[in-house]
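Coordinate inspection notes
Here is what each chain is made of, one letter per residue.
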Amino acid sequence: MTVQGVQGYNPRTGEVYGEPVAATPEAEVNRLAQAAAEAFPVWSGLPGARRAEVLEKIADALDARSAELVEVADTETALGLPRLTGELKRTTNQLRLFGEVLREGSYAEATIDSPNPDIIPPRPNLRRLLQPLGPVAVFSASNFPFAFSVAGGDTASALAAGAPVLVKAHSAHPNTSVATAAVLSAVIAAEGLPEGVFGIVYSTPAGSQLVKHPAIKAVGFTGSTGGGRALFDLASGRPDPIPFYGELGSVNPTVILPGIAAEQTQELATGFAGSLTMGVGQFCTNPGLVFAPESLVDDLGKAVSGANGGAMLTARMRDSYESTVDGLAKHAGVELVAVGEAPEGGWTVAPRLYRTTLADFEADLATLEEECFGPAAIVVTYTDPAELLPVLARVQGSLTATVHAAESDHEAAGRLAEVLRRIAGRLVFNAWPTGVAVSWAQHHGGPWPATTSALHTSVGATAIRRWIGPVTYQSWPDHLLPQELQDANPLGIPRRRDGVLGVH
Ligand code: NAP
């Protein structure tokens, strides 16, 4: 069978960029998966501090190649040098954060119950620890060629967990993927680690093959609801189903309450247009659905008319954006408020703002709550914040939900939070949802279709939790236990001992 190569493009011109990257043949995918399986006991058996050191070396090596990597990514994604330079720094800091997570050690939830023969039932010596599941497949995202790609959050958190990683490169930035993967592989080799700790495959069939491969024990994915669902079904349909952590679509409802709408009209309009059009709207946290009083619609519209669009990442995304906004334009309950500027050439689109009423929104919730990937939003007008509660309770899951409120709105904001916390993983107050800090308390997840598992996050320190599962050791001799569970606590990590948390 001839396997097609993966061709890069320049979204600003629509022209090809570089030579096609060879698709990974089936036999090579098998070889890489086998190498990952063989590397697993070696990589997961290293002390956490050693894995931390390797993550930090990868971060340093990526930083050292920043200018070159950013230039390739800019040609392939049109996201701009400043944004991409910042994104690569965020990516390397993310790798370093997982180094901190490993050294601090509480992620493993080491838990010790001393034996007690006098209770009913009698308790033996029980010691519980979260340990890596095995090699992980990571599907890079199109819209973050660094932070959610080859060396992004899924890769960093899985490597930190002790899992070898096989990345399925996104077809929208093959050359950036090749250049980034070369940096990771060089560090792995220089550190004397097995080749199978990190690998990469190219082409859609190679990605599906990874999900089905018996050596792969979990999958991380960022992308569309359709693609994510297809791969989730593949992972679940295996003879041995494996966890699939997909971050999919998100419309990110934003409520602007009446008090602040009157007090800060201009700031809200400017802030909204900036958040909507940042990165040509290609953010999973883009504010696509805004609930606002009628009085604010004109100002929001003026801000969007004055905003610039740009080139989208792929021709398919541009076409999908145009087809979704065409559908909105034809919708009986929806009206166009404003169209911004679209630069000439390539796969460019213009920002757009639409409006509807709360009653019309509710009447066709299934259509109007769909994510429109790109710089378009719908303003849903309301009169009384109390009317929003039953409607928001029915809106599908999102990564974020935002409330803008003045002092006079605080009571309504509190009632909204009760509803919004059930439909979104991060509740934002008086700010815009784009921009996701990478830190210990971050949660980037939410109910379906924001993700395939509302229990987990793909950003922040607890992203590591997806790749590790609990094992309890019962009555094992101390010297045969993992160091995290040994009596003397040789790693000095926080543990829960007989119900009490502490470094003991
Ligand atoms: P996508 O089409 O779902 O692709 C993501 C990855 O999955 C790619 O590696 C793709 O392979 C692979 N894939 C997709 N469908 C597959 C299938 N049926 N079988 C095997 N592999 C499959 O997503 P995208 O191209 O990044 O973006 C398209 C849409 O995703 C956007 O319009 C937007 O709605 C959504 N999106 C959401 C987020 C978010 O964070 N919520 C982020 C980015 C995009 P190939 O690369 O080989 O095609």
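Summarised in this report is the structure supplied together with it. Because the structure is predicted, anything quoted here is derived from the model rather than measured.

**Topic: the pattern of salt bridges**
Pairing of side chains with opposite charge becomes possible as their charged atoms draw close. Tallied over the entire structure, the rule returns 24 salt bridges. Salt-bridge contacts for Glu 28 lead to Arg 31; the nearest nitrogen and oxygen are separated by 3.0 Å. Here the residue Glu 28 and the residue Arg 31 both occupy positions in helix H1 (residues 26-45), the gap between them amounting to three residues, near one helical turn. What makes Arg 31 partly exposed here is its relative accessible area of 37%.

**Some thoughts on the pairing of strand E2 (residues 15-21)**
Pairing of strand E1 (residues 6-10) with E2, which is carried by four bridges, proceeds in the antiparallel orientation. From the neighbouring strand, Asn 10 faces E2, where its bridge partner is Glu 15. Taking the residues that link successive antiparallel strands as the turn, the E1-E2 hairpin has four residues, and the phi of Gly 14 there is positive, at about 80 degrees.

**Describing the site of the ligand**
Taken together, 22 residues lie around the ligand, and Ser 142, Ser 171, Ser 224, Leu 248 and Cys 284 are the ones closest in. Within the side chain of Ser 142, one N or O atom sits 2.7 Å away from an oxygen atom of the ligand. Interatomic distance of 3.0 Å between a side-chain N/O atom of His 170 and an oxygen atom of the ligand. Coverage of the ligand by the protein amounts to 85% of the 880 Å² it exposes when considered alone. For the shell around the ligand, the elements supplying multiple residues, two or more each, are helix H7 (204-212), strand E8 (218-222), helix H8 (225-236) and helix H12 (315-330). Ranked by residues supplied to the shell around the ligand, first place goes to H8 with three residues. A class-by-class count of the residues in the shell around the ligand yields eight nonpolar, ten polar and four charged.

**Some thoughts on the packing of helix H10 (residues 265-277) against helix H11 (residues 297-305)**
Between H10 and H11, the shortest axis-to-axis distance is 8 Å and the interhelical angle comes to 45 degrees. Between H10 and H11, the angle falls in the class oblique. H10 and H11 meet at a crossing whose hand is right-handed. Side by side, H10 and H11 meet where Thr 265, Gln 266, Leu 268, Ala 269, Thr 270, Phe 272, Ala 273 and Leu 276 of the first sit next to Asp 299, Leu 300, Ala 303 and Val 304 of the second. Classifying every residue of the contact of H10 with H11 by side-chain character gives eight nonpolar, three polar and one charged.

**Looking at the pairing of strand E18 (residues 424-429)**
Across five bridges, strand E17 (residues 398-404) lies against E18 in parallel orientation. Its bridge partner being in E18, Val 403 is matched across the sheet by Phe 429. Handedness of the β-α-β unit built from E17, helix H16 (residues 410-420) and E18 comes out right-handed.

**Observations regarding the sheet that holds strand E4 (residues 126-132)**
Strands pair in a sheet through their backbones, by hydrogen bonds, and they do so in one of two ways: parallel or antiparallel. If you trace the five strands from one edge of the open sheet to the other, you get E19-E4-E3-E20-E21, paired in mixed fashion. Single-partner strands in this sheet number two, and they are strand E19 (468-474) and strand E21 (500-502). Taking the axes of each pair of neighbouring strands and ignoring which way they run, one obtains an average angle of 25 degrees across the sheet. Note: E4 against E19, seven bridges, orientation antiparallel.

**Things to note about the environment of His 213**
Its place among the elements puts His 213 in the loop between H7 and E8. Each C-alpha atom of the pair His 213 and Leu 365 lies 39 Å from the other, and the pair is 152 residues apart in sequence. Setting aside chain neighbours within four positions, we find His 213 in contact with Asn 30, Ala 33 and Arg 238. One polar contact links the side chain of His 213 to the main-chain amide nitrogen of Ala 215, over a distance of 3.0 Å.

**With respect to the nonpolar core**
Grouped together as the largest cluster of nonpolar side chains are 100 residues, with contacts concentrated most on Leu 62, Leu 257, Phe 291, Phe 361, Leu 392 and Ile 464. Counting residues per element, this core draws most heavily on helix H4 (residues 81-104), which supplies seven residues. With residues near it in sequence (within four places) discarded, Phe 361 still touches Leu 289, Phe 291, Thr 356, Leu 368, Glu 369, Val 380, Val 391 and Val 395. If you look at the next biggest cluster of nonpolar residues, it comprises 21 residues, including Ala 269, Ala 273, Val 290 and Leu 353.

Conventions used here
- Residues numbered from 1 in each chain as written.
- Predicted model: local features only at pLDDT ≥ 70, side-chain atom pairs only at ≥ 80, totals over all residues.
- Heavy atoms only, no water.
- Salt bridge = Lys/Arg side-chain N within 4 Å of Asp/Glu carboxyl O.
- Helix = DSSP H or I, 4+ residues; strand = E, 2+ residues; numbered from the N terminus.
- Buried < 20%, exposed > 50% of the residue type's maximum accessible area, 1.4 Å probe, protein only.
- Pairing = 2+ DSSP bridges.
- Near = heavy atom within 4 Å.
- Polar contact = N/O pair within 3.5 Å; in protein donor to acceptor, adjacent residues only side chain to side chain.
- Areas by Shrake-Rupley, 256 points an atom, 1.4 Å probe, with all protein chains shown as cover.
- Nonpolar A, V, L, I, M, F, W, Y, C, P; charged D, E, K, R; others polar.
- Axes fitted to C-alpha atoms, helices over the stretch in contact; angles between N-to-C directions.
- Parallel < 35°, antiparallel > 145°, perpendicular 65-115°, else oblique.
- Left-handed = near helix turned anticlockwise from the far one by under 90°.
- Contact = heavy atoms within 4.5 Å.
- Right-handed = clockwise from strand over helix to strand, strands pointing away.
- Core = buried A, V, L, I, M, F, W, Y, C linked by side-chain atoms within 4.5 Å.

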